[in-house]
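# Tertiary structure, described
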Amino acid sequence: MIPRYQRILFWSLLGGILLMAAFLLRGCEQAHKRLTASLDATPIAAPTTTSTEDISLYLANDADASITPTPQHLALPQEPSVRARALLQQLLSSYALPGSAHPLQSGPTVDDVFLLAQPGNPSTASAPGQLAVINLRGSFVNSHPSGIQVEDLTIQSIIGTLHGALPQITQIRFLVDGQPHDTLAGHADLLHTYRAVDTAIRPTPPEAENNPDNATATPKP
Amino acid sequence: MPRTIILLDPAHGGPDSGARFSDQLLEKDLTLSFAAILRASLSTGGFTVIATRDTDPTVLFTADQRAEIANHAHPSACLVLHATSSGNGIHIVTSALTPPGEATGASDPDTPHAPAPWQDAQAAFIPQSLRLANEIGLALLRAKLPVILTQSSIHPLDNLICPAVAIEIAPLATDGSDPIPAADLTYQHTITQAIVIALTSWRTHNTTAAGASR
């Protein structure tokens, strides 16, 4: 005959074992859910469908120093400064693709684009517009190829693309990590305020005739 | 015939090393060695040559200091020498400034002694700089070298008060083999000879024009 106290002890221990098993199972389930959630690449919210539009990217070519407007279908935000930043990120990331005619390293490029209202100046016949201040990433500037032509092509490509997509921009300045910076990679002037104009260009070769006006490529800003 | 003064500016120097071609070769060294070759050839051709630097300075040698040396020498032509590993052939760059006659609100170009703003000092010399660039470009084309004429905002080019061009040596693409690097001595000698021919022609044209104006 089993004593009463032993039966009570047995059932108490059995109940404790079952409770601990349930607690462990619950803990395992929660840990499994946490791990699954961290590996899930699905966006938290479904992306909003944005209509694409035709935008010209002014693409540079190192071989002939040309800049060619190239139409592309892009989905861009409507807010102007965010739109300008997205556009420039799209432009500069296209140069990191294999086979690029103006190869640049991949990685983050533009931190911010600030648009500031510019009053018109009657003395210089300049119309009112916006000054775009482009804040480039230091890592982008540090990895940019060094040379007059290659740096100038990057700047002209940025200017042309911004001018084409946001015609209200009349002037463009550059910062690097929020600070003024003298050159892009040792040559092209980043302290200069550039006029936002159409920078499409295809340099012509030197000409033998005595007409200096025909001796150069289309003037740049 | 009076000796024509040519100013050479081997770009970069000191802590500013310019482009890095390899662990051993920097743009500041390449431009200095090319300037030495060009200087010898120009001197042989009857030019008086002044250089902004003959050695690698220990401290930063700013663009403003280079422009000051050049502007005090009153040269007939200024050649700013650069090198790069991007592109193909020779890039001849002139300032992107607008000549005074074309700039809205600019000072009267007929006023000979009007002070020129430092940042835009080159503006008055743009037409002459374009002619010089064209002359050098033609000579390089005749030497069967690819040439690209462009304009850019770079220092000290914008601050020079003389006909001025920047000459940037890029690798030379060849059919079916690796490009010839900018440091190749044969390539540099070909460029040098073409520049001497171009400057000789430039000097002749200028002398003829000066004679005709008298």
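Before going into details, it helps to say that this report is about the structure given with it.

A tally of helices and strands in chain B yields four helices and eight strands. Counting from the amino terminus, helix and strand elements in chain B follow one another as β-α-β-α-β-β-α-β-β-β-β-α. Over its C-alpha trace chain B gives a radius of gyration of 17 Å, about what one expects of a compact globule, namely 17 Å for 214 residues. Here the C-alpha coordinates of chain B stretch approximately 55 × 40 × 30 Å along the principal axes.

Residue and element names in this part refer to chain A. Ile 134, Leu 136, Leu 162, Ile 172 and Phe 174 are the most contacted members of the largest nonpolar core, which has 39 residues in total. Elements represented by at least two residues in this core include exactly β1 (53–61), β2 (66–74), α2 (80–94), β3 (110–118), β4 (129–136), α3 (138–143), α4 (148–165) and β5 (169–176). Sort the elements by how many residues they give to this core and α4 lands first, with six residues. The residues touching Phe 174, leaving out its near neighbours within four places in the chain, are Ile 134, Leu 136, Ile 155, Ile 158, Leu 190 and Tyr 194.

Looking now at the environment of B:Gly13. All names here are of chain B. Relative to the elements of secondary structure, Gly 13 occurs in the loop between β1 (4–10) and α1 (27–44). Distance from Gly 13 to Ala 194, taken between C-alpha atoms, is 26 Å for residues 181 residues apart in sequence. Residues within four places of Gly 13 in sequence aside, it is in contact with Lys 28, Arg 53, Asp 56, Pro 57 and Arg 66.

Another point: the pattern of salt bridges. Residues and elements named next belong to chain A. One pass over the full model with this rule turns up six salt bridges over all chains. Across the pair Arg 83 and Glu 53 runs a salt bridge whose closest N-O atoms are separated by 2.8 Å. Here Arg 83, found in helix α2, pairs with Glu 53, found in strand β1; they are 30 residues apart in sequence, far enough to count as distant. Judged by relative accessible area, which is 8%, Arg 83 ranks as buried. Among the residues examined, Glu 53 registers a relative accessible area of 23% and is labelled partly exposed. A salt bridge links Asp 111 to Arg 137, with the nearest nitrogen and oxygen atoms 2.5 Å apart. Of this pair, Asp 111 sits in strand β3 while Arg 137 sits in the loop between β4 and α3, and the two are 26 residues apart along the sequence. Given the relative accessible area of 22%, Asp 111 is considered partly exposed.

All right, on to helix α2 (residues 63–73) of chain B then. All names here are of chain B. Those residues of α2 that fall on the buried side of the exposure criterion are Arg 66, Ala 67, Ala 70 and Asn 71. Viewed end-on, α2 has its buried residues packed into an arc of 125°, placing them on one side of the element. Residues of α2 that are buried make contact with β1 and β3 (77–83). Following α2 by one or two positions, His 74 has its phi on the positive side, about 50°.

As a further point, take the layout of surface pockets. Of the pockets and cavities examined, the second largest pocket occupies roughly 840 Å³. Together, 36 residues line the second largest pocket, and A:Asp182, A:Thr183, A:Gly186, A:His187 and B:Asp16 are the ones closest to its centre. Residue assignment for the lining of the second largest pocket shows that the elements contributing at least two residues are α3 of chain A together with α2 and β3 of chain B. Ranked by residue count, the leading element in the lining of the second largest pocket is α2(B), at three residues.

Right, let's talk about the packing of aromatic side chains for a bit. When we look at a pair of aromatic rings, we describe it by the centre distance and by the angle of the planes. All names here are of chain A. Scanning the model with the defined rule gives two aromatic pairs over all chains in all. Aromatic pair Phe 10 and Trp 11: ring centres 5.2 Å apart, planes at 75°, arrangement edge-to-face. Judged by relative accessible area, which is 47%, Phe 10 ranks as partly exposed. Note on Trp 11: relative accessible area 55%, which makes it exposed. Residues Phe 174 and Tyr 194 carry aromatic rings whose centres are separated by 6.1 Å and whose planes lie at 80° to one another, so their mutual orientation is edge-to-face. Residue Phe 174 is located in strand β5, and its partner Tyr 194 is located in strand β6 (residues 194–195); the two are separated by 20 residues in the primary sequence. The pair formed by Phe 174 and Tyr 194 is uniform in burial state, with each residue classed as buried.

Put plainly, two cysteines are in a disulfide when a covalent bond ties their sulfur atoms together. Residue and element names in this part refer to chain B. Applying the stated criterion across every chain yields a total of one disulfide over all chains. For Cys 78, the disulfide goes to Cys 162, at an S-S distance of 2.1 Å. Around the S-S axis, the bridge from Cys 78 to Cys 162 shows a dihedral of about -125° and counts as left-handed. With a gap of 84 residues between them, Cys 78 in strand β3 and Cys 162 in the loop between β5 (147–152) and β6 (164–169) connect regions that are remote in the sequence.

What follows concerns empty space enclosed by the protein. In this approach a probe as big as a water molecule rolls over the atoms, and the regions it shows empty are the leftover space. On inspection of all chains with the given rule, the structure shows one cavity of 30 Å³ or more. Roughly 40 Å³ of volume is contained in the largest cavity. What lines the largest cavity is simply A:Asp62, A:Gly147, A:Ile148, A:Gln149, A:Val150, B:Thr84, B:Ser86, B:Gly87, B:His91 and B:Glu168. Looking at the lining of the largest cavity, the element that brings in the most residues is α4(A), giving three residues. In the lining of the largest cavity, the residues fall into two nonpolar, six polar and two charged.

All names here are of chain A. Read across the open sheet, the four strands follow the order β3-β4-β5-β6; overall the sheet is mixed. The open sheet is flanked by β3 and β6, the only strands paired with a single partner. Looking at chain direction, β5 and β6 are connected through two bridges and run antiparallel. Looking at the pairing, Gln 171 lines up with Arg 195 of β6. Its contacts with the sheet put α4 on β4, β5 and β6, and the angle it makes with β5 is roughly 140°.

Definitions and cut-offs
Residues numbered from 1 in each chain as written. Chains lettered and ligands numbered in written order. Predicted model: local features only at pLDDT ≥ 70, side-chain atom pairs only at ≥ 80, totals over all residues. Heavy atoms only, no water. Helix = DSSP H or I, 4+ residues; strand = E, 2+ residues; numbered from the N terminus. Rg over C-alpha atoms; globule rule 2.2 N^0.38 Å. Core = buried A, V, L, I, M, F, W, Y, C linked by side-chain atoms within 4.5 Å. Buried < 20%, exposed > 50% of the residue type's maximum accessible area, 1.4 Å probe, protein only. Contact = heavy atoms within 4.5 Å. Salt bridge = Lys/Arg side-chain N within 4 Å of Asp/Glu carboxyl O. Arc of directions from axis to C-beta. 1 Å grid on protein atoms, 1.4 Å probe; cavity = no way out; pocket = protein on both sides within 12 Å on 5 of 7 lines; lining within 4 Å. Points joined across faces, edges and corners; volume = space filled by probe spheres on them. Phe/Tyr/Trp six-rings, centres within 6.5 Å; stacked < 30°, edge-to-face > 60°. Disulfide = S-S within 2.5 Å. Nonpolar A, V, L, I, M, F, W, Y, C, P; charged D, E, K, R; others polar. Pairing = 2+ DSSP bridges. Axes fitted to C-alpha atoms, helices over the stretch in contact; angles between N-to-C directions.

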